[in-house]
Amino acid sequence: NGGAADAEPKRTYEKCFACKNEIKTKVLESLGTQWCVTCLVCTTCGKQLGPDAGDAGKVYEVKGKPYCGKCHEAAAAPVETADDKAAEAEMKKLLAEAKAKDKNAMSIVELNKVYAADDELEAKKAESKIADDVGAKS
């Protein structure tokens with residue numbers, strides 16, 4: 001017959017998350033999406049990832065991107081942004097202004113150091129008193 005009714009249905013393929021092309025070879029499932037073998041690589045170093053890459057091919061995810069074991073820790077480390085730097089500069093400026101007005105002004109970090117030293121001194125006094133009390137009872 002050879003009519004349109006006898007034609008085989010067109011095969012559909014998964015699309016690779018990275019390159020968006022149809023995957024006509026092995027489909028790799030990772031990070032909740034499908035990847036072609038050539039696209040599932042570490043975002044930083046380009047190392048092949050996935051089951052065919054062995055244990056070294058384990059996929060680590062950082063912000064939806066694939067990383068190898070070696071690169072994922074650096075990728076996951078917090079990054080100081082321009083806003084962070086601006087906020088830190090503003091805090092330093094405010095502390096400098098406060099110290100200019102009052103020589104005894106201290107930052108939170110400086111206050112915490114004072115409190116920690118004071119707590120340590122109090123602990124030593126308490127230990128000394130206990131030692132004295134024990135020595136007096138002997």
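These notes cover the structure that comes with them. Quick caveat, the model's predicted, so the values are computed rather than measured. (Residues numbered from 1 in each chain as written. Predicted model: local features only at pLDDT ≥ 70, side-chain atom pairs only at ≥ 80, totals over all residues. Heavy atoms only, no water.)

Turning our eyes to something else, we now look at the overall build of the protein. The number of helices and strands found in the protein is 3 helices and 4 strands. Evaluated residue by residue, the protein yields a buried proportion of 15% over its 138 residues. Within the protein, counting contacts between residues at least 6 apart in sequence, those at least 24 apart form 16% of the total. Accessible surface, the protein: about 11000 Å² in total, of which carbon and sulfur atoms supply 55%. (Helix = DSSP H or I, 4+ residues; strand = E, 2+ residues; numbered from the N terminus. Buried < 20%, exposed > 50% of the residue type's maximum accessible area, 1.4 Å probe, protein only. Contact = heavy atoms within 4.5 Å. Areas by Shrake-Rupley, 256 points an atom, 1.4 Å probe, with all protein chains shown as cover.)

What is expected of a backbone is that most residues other than glycine have negative phi and most peptide bonds are trans. A positive phi angle is found at Lys-20, which is not glycine, with a value near 70 degrees. In this structure, Lys-20 sits in the segment before strand S1 (27-30). Positive phi values are uncommon outside glycine, yet Lys-63 reaches one of about 55 degrees. Mapping Lys-63 onto the fold places it in the loop between strand S3 (60-62) and strand S4 (65-67).

The next point concerns the pairing of S1. Residues Leu-28 and Ser-30 line the buried face of S1, whereas the alternating positions Val-27 and Glu-29 sit on a face that is not buried. Here 4 bridges tie S1 to strand S2 (residues 33-36), and the two strands are oriented antiparallel to one another. Note that in S2 the partner of Val-27 across the bridge is Cys-36. Between S1 and S2, which pair antiparallel in sequence order, lie 2 residues; one of them, Leu-31, sits at a positive phi of approximately 55 degrees. (Pairing = 2+ DSSP bridges.)

Further remarks concern the state of the cysteines. A full pass over the atoms with the stated rule returns 0 disulfides. Here Cys-42 is not cross-linked by a disulfide; its sulfur's nearest cysteine counterpart is in Cys-45, at 3.7 Å. (Disulfide = S-S within 2.5 Å.)

Bear in mind that shape data such as this cannot, by itself, settle questions of function.
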